[in-house]
Amino acid sequence: MATYLARLRSPFFINETSSGTSGSADLTIRINNVDRYIISKDTTNNTISLEVSELIRDYLDPTWDGVFPYSSATLSSLIVTATISVDFYTNNKVTRAANSLAGNPDTPSESITPHTLYGFDAYSEFKDGVNHQVPSGSMLQSATTMYLPLTGDAYIPIESSNAVSYFTVADTVTDGSIVNPVAGIDVTIRRICEPIYNIVKIIFMNKFGALQEFHFNKKSTISFAVTQENYESMLLSANTYSTTDHQKYVYNKQGSETMLLNTGYIDENQYETIKQLMLSEQVWATIGSDVFPVNVKTNTLTKKTKVNDKLVNYSVEIEFAYDVINSVR
């Protein structure tokens, strides 16, 4: 039996070969003790290959309830567990269907020991190749330098027991200190002293399928935009009309807000973190004591380096992920 730590935002293939002659195979995906999918496919050279990530990801619903430290409900939402089994048959699918119709269904000629797949809302990149898994026992963030406020705990995601766990950086950890969330990995802590601007903490799902925090500590500005529909009404009645009535009528007015954030001066390696933030599908902003669901509106990013740019600062625009006028029905 194999165990997989799969990145479900990228394709993940199950490949199995029969030890004997086979014409077809059934792949069964079992989630939460229920058979969710049974997929039949003819074999090629006694081998079956199926991509399963999209099917399993349908049962993964990662979320954050706004609570620190991360609650058990949040942690359990970051992972989905599936059992995958493969049964080989001597006949192909057409012959098996005919046999079943005649009341004589085929029995498996060989059954592969079921595999366990732990699915993360993670992705791999093209250069990583096929079936690039989440490394067991690893730190689940790319950044090895964290910029944190002077007060407050912070959390570094790690892989533990086929799930996401968190290493706590206490607010007593001083500027320049090094912490070790996992053996062999040094993370440098930089404390932000910002007496002017309010620090906005962003929580996002990174490429490893873990919630990661990043602090934007410089100037932030909020913008407001309105959408509306219009029509011209018929005012004339009995050859007259009121001059206080609207000829041009406005309806379905709705508003949305965006916020432009600035990182402040950071090391050039934070480019990877900002890139993962822009690719994230799950993002929240903590402003003061309030938590807001947001989406990243910025869709282009130019990598900055000290050689080219001297000081590295990134601007990211986020959009609050709801209408200003409550439209939930």
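Residues numbered from 1 in each chain as written. Predicted model: local features only at pLDDT ≥ 70, side-chain atom pairs only at ≥ 80, totals over all residues. Heavy atoms only, no water.

(A) Spatial organisation of helix 3 (residues 93-101). With a side-chain oxygen positioned 3.3 Å from the backbone nitrogen of Val94, the residue opening helix 3 is Asn92. Gly103, located one to two residues past helix 3, shows a positive phi value of around 85°. (Polar contact = N/O pair within 3.5 Å; in protein donor to acceptor, adjacent residues only side chain to side chain. Helix = DSSP H or I, 4+ residues; strand = E, 2+ residues; numbered from the N terminus.)

(B) The arrangement of the side chain of Asn262 in detail. Position of Asn262 among the secondary structure elements: in strand 16 (residues 248-262). For Asn262, a relative accessible area of 14% corresponds to the buried category. Of note is the side chain of Asn262, whose polar atom sits 3.2 Å from the side chain of Asn313. When neighbours within four sequence positions are excluded, Asn262 is seen to be in contact with Phe216, Asn217, Lys218, Lys219, Asn313, Tyr314 and Ser315. (Buried < 20%, exposed > 50% of the residue type's maximum accessible area, 1.4 Å probe, protein only. Contact = heavy atoms within 4.5 Å.)

(C) Representation of the pattern of salt bridges. Enumeration according to the criterion identifies nine salt bridges in this entry. Measuring nitrogen to oxygen at the nearest pair gives 2.8 Å for the salt bridge that ties Glu281 to Arg57. Pair noted here: Glu281 is in the loop between helix 4 (271-279) and strand 17 (283-287) and Arg57 is in helix 1 (residues 53-57), with a separation of 224 residues, a long-range link. Relative accessible area serves as the criterion here: at 47%, Glu281 is assigned to the partly exposed category. Using a relative accessible area of 24% as the deciding quantity, one classes Arg57 as partly exposed. A salt bridge links Glu125 to Lys207; the shortest N-O distance between them is 3.2 Å. Taken together, the residues span a long stretch of sequence, with Glu125 in the loop between strand 7 (110-120) and strand 8 (145-149) and Lys207 in the loop between strand 13 (200-205) and strand 14 (211-216) at a distance of 82 residues. With relative accessibility at 10%, the residue Lys207 sits in the buried group. Salt bridges sharing partners connect three or more residues here, namely Arg9, Arg57, Asp121 and Glu281. (Salt bridge = Lys/Arg side-chain N within 4 Å of Asp/Glu carboxyl O.)

(D) Structural view of the packing of aromatic side chains. Here the structure, examined in full by the defined rule, presents 14 aromatic pairs. For the ring pair Trp64 and Phe68, a centre distance of 5.0 Å and an interplane angle of 55° mean the geometry is tilted. When its relative accessible area of 5% is taken as the criterion, Trp64 is described as buried. Three or more aromatic residues joined by ring pairs make a cluster, and in this case those are Trp64, Phe68, Tyr70, Tyr155, Tyr166 and Trp284. The residue whose ring lies beneath Arg96 is Tyr89, and the NZ or CZ to ring-centre distance is 3.6 Å. (Phe/Tyr/Trp six-rings, centres within 6.5 Å; stacked < 30°, edge-to-face > 60°. Lys NZ or Arg CZ within 6 Å of the ring centre and 35° of its normal.)

(E) Molecular detail of the sheet that holds strand 3 (residues 24-31). The mixed open sheet is built from five strands, whose spatial order is 1-7-6-3-4. Across the chains shown, the open sheet's two edge strands, defined by having one partner strand only, are strand 1 (3-7) and strand 4 (34-42). Pairwise comparison of adjacent strand axes, ignoring direction, gives a mean angle of 25° for this sheet. Relative to strand 7, strand 1 runs parallel, the two sharing five bridges. Bridge assignment links Tyr4 to a residue of strand 7, and that residue is Leu117. (Pairing = 2+ DSSP bridges. Axes fitted to C-alpha atoms, helices over the stretch in contact; angles between N-to-C directions.)

(F) Region of interest: the nonpolar core. If you look at the biggest cluster of nonpolar residues, it comprises 23 residues, and the most contacted ones within it are Ile202, Phe216, Leu277 and Ile318. If you list the elements that add at least two residues to this core, you get strand 13, strand 14, strand 16, helix 4, strand 17, strand 18 (290-296) and strand 19 (315-320). Per element, the largest residue contribution to this core is four residues, and it comes from helix 4. Counting 22 residues, the second-largest nonpolar core is a separate cluster that includes Leu8, Leu27, Ile29 and Phe88. (Core = buried A, V, L, I, M, F, W, Y, C linked by side-chain atoms within 4.5 Å.)

(G) Representation of the sheet that holds strand 12 (residues 187-192) in the model. With mixed pairing, the three strands of this open sheet are ordered in space as 8-12-11. A single partner strand is all that each edge strand has here, and the edge strands are strand 8 and strand 11 (178-179). Relative to strand 12, strand 8 runs parallel, the two sharing five bridges. Paired with Leu148 across the two strands is Arg191, which belongs to strand 12.

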